[in-house]
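Survey of secondary and tertiary structure
The primary structure of each chain is shown beneath.
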Amino acid sequence: MTLLAFTGNRFLAEEALRETLIKRGLNPRDLPRLGGDDVTAQTLGPHLSPGLFGDGGVIVDFEGVKPDKALLELLAGAAITVAVLDEMAPATRSKLYQARGEQIVSAAPSKPGEITGWVVQYARKQKLPLDRDAAAYLAEVFGSDLAGIASELTKLALLGGPHTRQSVQRIVGREPPGDSFAMLGAATAGRPGEAVGQLRRLLASGEDPFKLMGAVVWQYSLVVRCVALLQEEGRVTEAAAAQRLGVKPYPAKKALDVARKLNEAKIRAHMGRILDADLAMKRGLDAGVTLERLIVQLSV
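Residues numbered from 1 in each chain as written. Predicted model: local features only at pLDDT ≥ 70, side-chain atom pairs only at ≥ 80, totals over all residues. Heavy atoms only, no water.

Where an unreviewed UniProt entry is consulted, the protein chain appears under the name DNA-directed DNA polymerase, with the organism given as Deinococcus marmoris. Looking at the Catalytic activity (unreviewed entry) heading of the UniProt record, one finds this comment for the protein chain: "DNA(n) + a 2'-deoxyribonucleoside 5'-triphosphate = DNA(n+1) + diphosphate". (UniProt positions renumbered as here; feature names shortened; annotations may be inferred.)

**Digging into the overall build of the protein chain**
Within the protein chain, the regular secondary structure consists of 15 helices and five strands. A globule of 300 residues ought to have a C-alpha radius of gyration of about 19 Å, yet the protein chain, at 25 Å, is considerably larger. Looking at the 300 residues of the protein chain, the share that counts as buried comes to 45%. Summarising the internal contacts of the protein chain: among those between residues at least 6 apart in sequence, 68% fall at separations of at least 24. Entry remark: accessible area of the protein chain is about 16100 Å², with carbon and sulfur atoms responsible for 53%. (Helix = DSSP H or I, 4+ residues; strand = E, 2+ residues; numbered from the N terminus. Rg over C-alpha atoms; globule rule 2.2 N^0.38 Å. Buried < 20%, exposed > 50% of the residue type's maximum accessible area, 1.4 Å probe, protein only. Contact = heavy atoms within 4.5 Å. Areas by Shrake-Rupley, 256 points an atom, 1.4 Å probe, with all protein chains shown as cover.)

**Quick notes on the UniProt feature "domain: DNA polymerase III delta subunit-like C-terminal" (unreviewed entry) in the protein chain**
The positions that UniProt labels "domain: DNA polymerase III delta subunit-like C-terminal" (unreviewed entry) are, in the present scheme, residues 180-297. Its end C-alpha atoms 16 Å apart, residues 180-297 is made of 81% helix and 0% strand.

**Remarks on the packing of helix 5 (residues 112-125) against helix 6 (residues 132-142)**
It is at 8 Å that the axes of helix 5 and helix 6 come closest, and there the two elements cross at 125°. As the angle between them shows, helix 5 and helix 6 are arranged oblique. Relative to helix 6, helix 5 is oriented so that their crossing is right-handed. Where helix 5 approaches helix 6, its residues Pro112, Gly113, Ile115, Thr116, Gly117, Val119 and Val120 are matched on the opposing element by Arg132, Ala135, Ala136, Leu138 and Ala139. (Axes fitted to C-alpha atoms, helices over the stretch in contact; angles between N-to-C directions. Parallel < 35°, antiparallel > 145°, perpendicular 65-115°, else oblique. Left-handed = near helix turned anticlockwise from the far one by under 90°.)

**So, the side chain of glutamate 14**
Mapped onto the elements of the fold, glutamate 14 is located in helix 1 (residues 10-23). Within the structure, the side chain of glutamate 14 is placed 2.7 Å from the side chain of arginine 33, a separation counted as a polar contact. Apart from the residues within four sequence positions on either side, glutamate 14 is in contact with Arg33 and Leu85. (Polar contact = N/O pair within 3.5 Å; in protein donor to acceptor, adjacent residues only side chain to side chain.)

**A short note on the domain arrangement of the protein chain**
Segmentation of the protein chain into domains returns domain 1 (3-106), domain 2 (112-172) and domain 3 (180-298). If you average the C-alpha positions of domain 2 and of domain 3, the two centres end up 31 Å apart. (Domains from an automatic or database assignment.)

**Details of the nonpolar core**
Met183, Tyr220, Val223, Ile295 and Leu298 are the most contacted members of the largest nonpolar core, which totals 38 residues. Looking at this core, the elements that each hand over two or more residues are helix 9 (180-188), helix 10 (192-204), helix 11 (209-233), helix 12 (238-245), helix 13 (249-259), helix 14 (264-282) and helix 15 (287-298). For this core, the leading source of residues is helix 11, giving ten residues. Membership of the second largest hydrophobic core comes to 24 residues, among which are Phe11, Trp118, Ala134 and Val168. (Core = buried A, V, L, I, M, F, W, Y, C linked by side-chain atoms within 4.5 Å.)

**Details of the pattern of salt bridges**
Counted by the stated rule, this structure contains 18 salt bridges. A salt bridge links glutamate 14 to arginine 33; its shortest N-O distance comes to 2.7 Å. In this pair, glutamate 14 sits in helix 1 while arginine 33 sits in strand 2 (residues 33-35), placing the two residues 19 residues apart along the sequence. Since its relative accessible area comes to 15%, glutamate 14 is described here as buried. Between lysine 282 and aspartate 278 there is a salt bridge, with its nearest N and O atoms 3.0 Å apart. With lysine 282 and aspartate 278 both in helix 14 and four residues apart, this pair spans about one turn of that helix. When its relative accessible area of 61% is taken as the criterion, lysine 282 is described as exposed. (Salt bridge = Lys/Arg side-chain N within 4 Å of Asp/Glu carboxyl O.)

Below, the structure is given as structure tokens:
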């Protein structure tokens, strides 16, 4: 009867699914929900016929599932409402959804600014007095885990506001994850305490020291090229740097920020220190201590 496909961020897609089904007179809690190994023609078959009182419904979760064409055709031809959760639907499935039913696309905020904007709007919808800096903190510590953010906002709604970054940080009790670009930026700006703090948070979150060293080498390779661009052209926009470096705008912007604080002599000295630290780690010296020493040296 109706094929409804919900795509985008999983939390938002789940919300859209619930709201859409309720508007159509169906209670999501009363409908069978199948996912994983149960998403087969044989298992779904008995759920795809209407009940005694007309239209029924079923929720099918495609997370971790690769449905074939026959299964998709089966769902599209069902005599009931079929609600499909397909967070990262490829173009081929989206085309089928749009041709044989309806695709409800939710947002998928992933960048810090996008997530912060979503938090602000969600809090406003809940009439929760949350300032933008507090929203940015939640975006930093939870990233694209919108369900985790929503859970924290539910707790905050039980407490008196207004909610500032400091008050929310005390309640949530989580440190923002480290940022390797922020680490390098703090180091080259001569803020070793902040840079080492970023490094320690990265290591505490489970980042592999050797992968971090690889990130430092890659990021500094961009910085070196940005220093050269600045010397050649004087002023370089983020878009121009991204095009010349062959990277996305975000790493180009961060590399430019670091490069503007350096000159050729400093970048040569930093690259020598990075090489020494890389060799020390490969020779078996303590990786965490070596990285921390490097970050302090880059701050000089």
